[in-house]
Amino acid sequence: MTDKIVTKDLNLWYGGFHALKDVNAAFQVNRITAIIGPSGCGKSTLLRVFNRMNDLIEGVRTGGEALIDGLDILAPDTDLVALRKKVGMVFQRPNPFPLSIYENIVFGVRIRGAKVSRSELDAIVESSLRGVLLWDDLRDMLRSPALRLSLEQRQRLCIARLLAVKPDVLLMDEPCSALDPQATARIEELMRELKHEYTIVIVTHNMQQAARVSDDTGFMLLGELIEFNRTEELFASPRDKRTEDYITGRYG
Amino acid sequence: MRKLREFIIEKLVLLCGLASIFFVVLIFLFLLREGLAVFKTISPSAFLAGKSWYPISEPPQLGILPLILGSLVVTFGAALISIPIGVGCAIYIAEIAPKRLKEILKAGIELLAAIPSVVLGFIGMVTLVPFVKTVFHLPTGLTALSGSIMLAFMAMPTIVSIAEDALYSIPKTYKEGALAMGATHWQAIWRVMLRAASSGILAAIMLGIGRVIGETMAVMMITGNAAVIPHSLFVPVRTLTATIAAEMGEAVIGSEHYFALFAIGIVLFVISFAINVTADLFLHKRQ
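Residues numbered from 1 in each chain as written. Chains lettered and ligands numbered in written order. Predicted model: local features only at pLDDT ≥ 70, side-chain atom pairs only at ≥ 80, totals over all residues. Heavy atoms only, no water.

## Observations concerning the overall build of chain A
What counts, and what does not: By definition, any uninterrupted DSSP run of H or I lasting at least four residues is a helix, any uninterrupted run of E lasting at least two residues is a strand, and each is numbered from the N terminus. When we talk radius of gyration, it's over C-alpha atoms, and the globule rule is simply 2.2 Å times the number of residues to the 0.38. A simple rule labels every residue: compare its accessible area, found with a 1.4 Å probe on the protein chains alone, to the largest value its type can have, and call it buried under 20%, exposed over 50%, or partly exposed in between. The contact definition used throughout considers only heavy atoms, calling two residues in contact when any of these lie within 4.5 Å. Note on areas: Shrake-Rupley with a 1.4 Å probe; residue coverage comes only from the protein chains shown. Neither His nor the chain ends is counted toward charge; the positive residues are Lys and Arg and the negative residues Asp and Glu. By convention, the charge on Lys lies at NZ, on Arg at CZ, on Asp at CG and on Glu at CD.
Helices and strands together make up the secondary structure of chain A, namely 10 helices and 10 strands. Taking 252 residues into account, the globule formula puts the C-alpha radius of gyration at 18 Å, and chain A, at 18 Å, falls close to it. Expressed along its principal axes, the backbone C-alpha trace of chain A runs to roughly 55 × 45 × 35 Å. Burial analysis of chain A (252 residues in total) assigns 54% to the buried set. Sequence-distant contacts, at least 24 apart, represent 67% of the contacts inside chain A between residues at least 6 apart. For chain A, the accessible area works out to roughly 11100 Å², and carbon and sulfur atoms hold 48% of it. Here chain A contributes 33 positively and 35 negatively charged side chains, and the mean placements of these two sets differ by 4 Å.

## Observations regarding the interface of chain B and chain A
Accessible area lost on assembly of the parts is the figure often given for the size of an interface. The test is simple: Two parts placed together each lose some accessible area; with a 1.4 Å probe, that loss summed over both constitutes the buried area. Salt bridge criterion: a side-chain nitrogen from Lys or Arg within 4 Å of a carboxyl oxygen from Asp or Glu. Polar contacts, as used here, are pairs of N or O atoms within 3.5 Å; protein pairs need one atom able to donate a hydrogen and one able to accept it. Residues neighboring in sequence count only if both atoms are side-chain atoms. Three classes are used: nonpolar for Ala, Val, Leu, Ile, Met, Phe, Trp, Tyr, Cys and Pro, charged for Asp, Glu, Lys and Arg, and polar for all others, with Gly counted as polar.
Taken together, the contact pairs 16 residues of chain B with 22 residues of chain A. Buried area between chain B and chain A, summed over both chains or domains, comes out near 1700 Å², and the portion from carbon and sulfur atoms is 69%. Remark: the boundary between chain B and chain A carries 1 salt bridge. Close ionic contact of Glu176(B) with Arg48(A) constitutes a salt bridge, the shortest N to O distance being 2.9 Å. Counting across the chain B and chain A interface gives 5 residue pairs in polar contact (both at pLDDT 80 or more). Put simply, the parts of the chain that give the side of chain B that touches chain A at least two residues each are α7 (172–180) and α8 (185–196) of chain B. Here the side of chain B that touches chain A takes 7 residues from α7(B), the largest share from any one element. Broken down by class, the residue content of the side of chain B that touches chain A amounts to 8 nonpolar, 5 polar and 3 charged.

## Focus on the domain arrangement of chain B
Residues and elements named next belong to chain B. What counts is decided by this rule: Residue ranges labeled as domains rest on an automatic or database domain assignment.
Assigned domains within chain B: domain 1 (2–40) and domain 2 (53–286). Placing a centre on the C-alpha atoms of domain 1 and another on those of domain 2 gives a separation of 30 Å. Considering only the side of domain 1, the residues that lose the most area to domain 2 are Leu31, Glu34 and Val38, jointly responsible for 59% of the buried surface there. Seen at the junction of domain 1 and domain 2, the total is 0 salt bridges. Remark: the boundary between domain 1 and domain 2 carries 1 residue pair in polar contact (both at pLDDT 80 or more).

## Thoughts on the packing of aromatic side chains
Just so we agree on the cut-off: Aromatic contacts are taken between Phe, Tyr and Trp rings whose centres are within 6.5 Å, Trp giving its six-membered ring; a plane angle under 30 degrees counts as stacked, one over 60 as edge-to-face, and the others as tilted. Consider the ring centre and the ring normal. A charge sits over the ring if Lys NZ or Arg CZ is within 6 Å of that centre and within 35 degrees of that normal.
Throughout the structure, instances matching the rule amount to 13 aromatic pairs over all chains. Between Phe27(A) and Phe228(A), the aromatic rings sit 5.8 Å apart at their centres with planes inclined by 80°, giving edge-to-face as the arrangement. Within this pair, whereas Phe27(A) is found in strand β2 (residues 17–28), its partner Phe228(A) is found in strand β10 (residues 224–230), the two being separated by 201 residues in sequence. Residue Phe27(A) is classed as buried on the basis of its relative accessible area, which comes to 1%. Among the aromatic residues, those joined into a ring-pair cluster are Phe30(B), Tyr258(B), Phe259(B) and Phe262(B). Over the ring of Tyr102(A) we find Arg143(A), and its NZ or CZ is 4.1 Å from the ring centre. Between the NZ or CZ atom of Lys172(B) and the centre of the ring of Tyr168(B), over which it lies, the distance is 4.8 Å.

## Focus: the pattern of salt bridges
Residues and elements named next belong to chain A. On inspection of all chains with the given rule, the structure shows 22 salt bridges over all chains. Of the charged contacts in the structure, one is a salt bridge between Lys241 and Asp245, with a shortest N-O distance of 3.0 Å. Taken together, the positions of Lys241 and Asp245, both in helix α10 (residues 241–247) and 4 residues apart, correspond to about one turn of that helix. Residues joined in a network through salt bridges with shared partners are Lys4, Asp69, Lys86 and Asp168.

## Comments concerning the environment of Ile205(B)
Residues and elements named next belong to chain B. Among the secondary structure elements, Ile205 is positioned in helix α9 (residues 198–214). Sequence spacing of Ile205 and Ala79 is 126 residues, and the spatial spacing of their C-alpha atoms is 8.1 Å. Beyond its immediate sequence surroundings of up to four residues, Ile205 is in contact with Ile83, Val87 and Ile159.

## Some remarks on α8(B)
Within the span of α8(B), buried status applies to Gln187(B), Ala188(B), Ile189(B), Val192(B), Met193(B) and Leu194(B). For α8(B), the secondary structure elements touched by its buried residues are α3 (101–110) of chain A together with α3 (65–96), α6 (144–168), α7 and α9 of chain B.

## Notes on the nonpolar core
The line we're drawing: By nonpolar core we mean a set of buried residues, namely Ala, Val, Leu, Ile, Met, Phe, Trp, Tyr and Cys, connected to one another through side-chain atoms within 4.5 Å.
In terms of nonpolar packing, the biggest core is built from 129 residues, with Leu46(A), Phe107(A), Leu129(A) and Leu167(B) touching the most fellow members. Among the elements that make up this core, the one with the highest residue count is α6(B) (10 residues). Beyond its immediate chain neighbours, meaning those up to four positions away, Phe107(A) contacts Phe97(A), Leu99(A), Ala178(B), Met181(B), Ala183(B), Arg191(B) and Val192(B). Counting residues in hydrophobic clusters, the runner-up holds 22 residues, among them Ala37(B), Ile42(B), Ile68(B) and Ile264(B).

## Notes on the packing of α3(A) against helix α4 (residues 118–131) of chain A
Residue and element names in this part refer to chain A. Which entries qualify depends on this criterion: Between N-to-C directions, angles cover 0 to 180 degrees, with each direction set by a line fitted to C-alpha atoms, over the stretch in contact for helices. Should an angle fall under 35 degrees it is called roughly parallel, over 145 degrees roughly antiparallel, and 65 to 115 degrees roughly perpendicular, with every other angle called oblique. Each crossing gets its hand from how the near helix is turned against the far one by less than a right angle, where anticlockwise is left-handed and clockwise is right-handed.
The geometry of α3 relative to α4 is characterised by a closest axis approach of 10 Å and an angle of 115° between their N-to-C directions. Our classification of the angle between α3 and α4 gives roughly perpendicular. For α3 against α4, the interelement crossing comes out right-handed. Where α3 approaches α4, its residues Tyr102, Ile105, Val106, Val109 and Arg110 are matched on the opposing element by Arg118, Leu121, Asp122, Ile124, Val125, Ser128 and Leu129.

## Things to note about the environment of Ile264(B)
Residues and elements named next belong to chain B. With respect to the helices, strands and loops of the structure, Ile264 is situated in helix α12 (residues 256–286). For the pair Ile264 and Leu233, spaced 31 residues apart in sequence, the C-alpha to C-alpha distance is 22 Å. Once residues lying within four places of it in the same chain are set aside, the contact partners of Ile264 are Phe47, Trp53, Ile64, Leu67, Leu240, Thr243 and Ile244.

## Side note on a nonpolar patch on the surface
Residue and element names in this part refer to chain B. Using the following cut-off: For patches, a residue must show more than 30% relative accessible area and have no salt bridge; joins then use 9 Å for like charges and 5 Å for nonpolar side chains, namely Val, Leu, Ile, Met, Phe, Trp and Tyr.
Residues Ile115, Val118, Val119, Phe122, Ile123, Met125, Val126 and Met217 make up a contiguous nonpolar surface patch of about 620 Å² in total accessible area. Sorting elements by how many residues they give to the nonpolar patch places helix α5 (residues 117–135) first, with 6 residues. Judged by relative accessible area, which is 39%, Ile123 ranks as partly exposed.

## Points about the environment of Pro96(A)
Residues and elements named next belong to chain A. Inspection of the secondary structure assignment puts Pro96 in the loop between β6 (87–90) and α3. In this structure Pro96 comes out as buried when scored by relative accessible area, which is 1%. Taking the C-alpha atoms as reference points, Pro96 and Cys158, separated by 62 residues in sequence, lie 5.9 Å from one another.

## Here we look at the pairing of strand β9 (residues 216–221) of chain A
Residue and element names in this part refer to chain A. Basically, it comes down to this: A strand pair is defined by DSSP finding two or more bridges across the two strands.
For β9, a buried count of 6 out of 6 residues is recorded, marking the element as mostly surrounded by other parts of the structure. By the alternation rule, side chains of β9 split into Asp216, Gly218 and Met220 and Thr217, Phe219 and Leu221, which are all buried. Two strands pair when backbone bridges link them, and strand β3 (residues 32–36) and β9 are joined in this way by 4 bridges, in the parallel orientation. The partner of Ile36 across the bridge, within β9, is Phe219. The pairing of β9 with β10 spans 6 bridges and is antiparallel.

Pasting the structure below:
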């Protein structure tokens, strides 16, 4: 079992607000790790450390280390473009660009500026769409606007456009919260497929989802990582009283 | 009692609403009646495509092609200058400028919009016109180019504020998504945000151009007012608007010249109307 992402005494402040407190965790390759906890506990913040999306917010400071493949990505000289190619993110609301389906998928390739032939692009589009099981549905409408798709298809497309640049890690920030139960089940199925090739970290407020889909689970509360364990163990025999209270629905 | 009051107020407000429409219709009918009268003596095609405008020769020659081209050349020049600068400014304000600078710039743009056009024309006359003359070695600085530059200043506030609004109101998730894929800030702006805001930006451009084509005072002061067909930006031109403003005072009421000026008004009206409708279409597409 290899560690893909490791945090060491990770701290984060938004101005004066201490949002992450001494988080120590290890996220392993080819597994799905869920981060659960009540709203405002810092789970999305933690996720956004791994692709440095918190940098967009003014007044953010970090302390400690976040290592991906052994390299501290919090170092000031980190190449954010390379990092974000390697660590893709799926958002809560599916956010395909207002471009065609095709252009959405090749977006990541195009912004790297390398000359890629038309046939290579076509191949990337096909394999990415196959990867999210959309190819058969969309193969004849690649030029139509992505915003015409259903919510579930949009979310799949957002995953497909990440696969196009061959990332290592997929960060998912409540990827199913805008979807109905059937679509949610199908996206979860897709995640199980994808974990064989990627390291997946999913933030969810839905404990059942975490229990269904993940291999490891971390429970966060008020910026602290309270407990981190195999999903079955965490849900069956939580070691911390607060974890037990949360998963038995006493708050959150 | 209360019911009666409600009733009266309601009807009064209704009257105000109808009044504006009523006056528009009245103005339009008047314009049509006076303008269309010119076509008793000259065919519409001779009027629109005629190459000479000598309204006081005998018989008067009433071809407005030089005036239409004059307006188009000035507008085209103004668009060429104001669109890139205006959209660039909108991008800077919406996306790049730090908060404080953003407020200052927005206030500055509003101030620019508040300058009366006659003042801009006057400033243009004493500064820009001699400048254009010496820089391009022209016999006169009163050219279409001078008019275009000055009009660009007038179109800019409209373009900047509406385009900035369009950029600001696109969902933040587009930008986040692009950045999360490793796009640089500029790539996110260029490849995603401008596309997403395109209909609003096009509307901004159309409204800016609409303002330019209807503008009278500044162009009359600095474009030289020669009613000849322009072959470049560096010659004096006369616009549709300037023609009406300059000649209405001396045209004999009821003469062909008088009716021709109203017909020019109709042409201007049609152009402005078309531009505004186009802008509206873009704005609605956005919603």
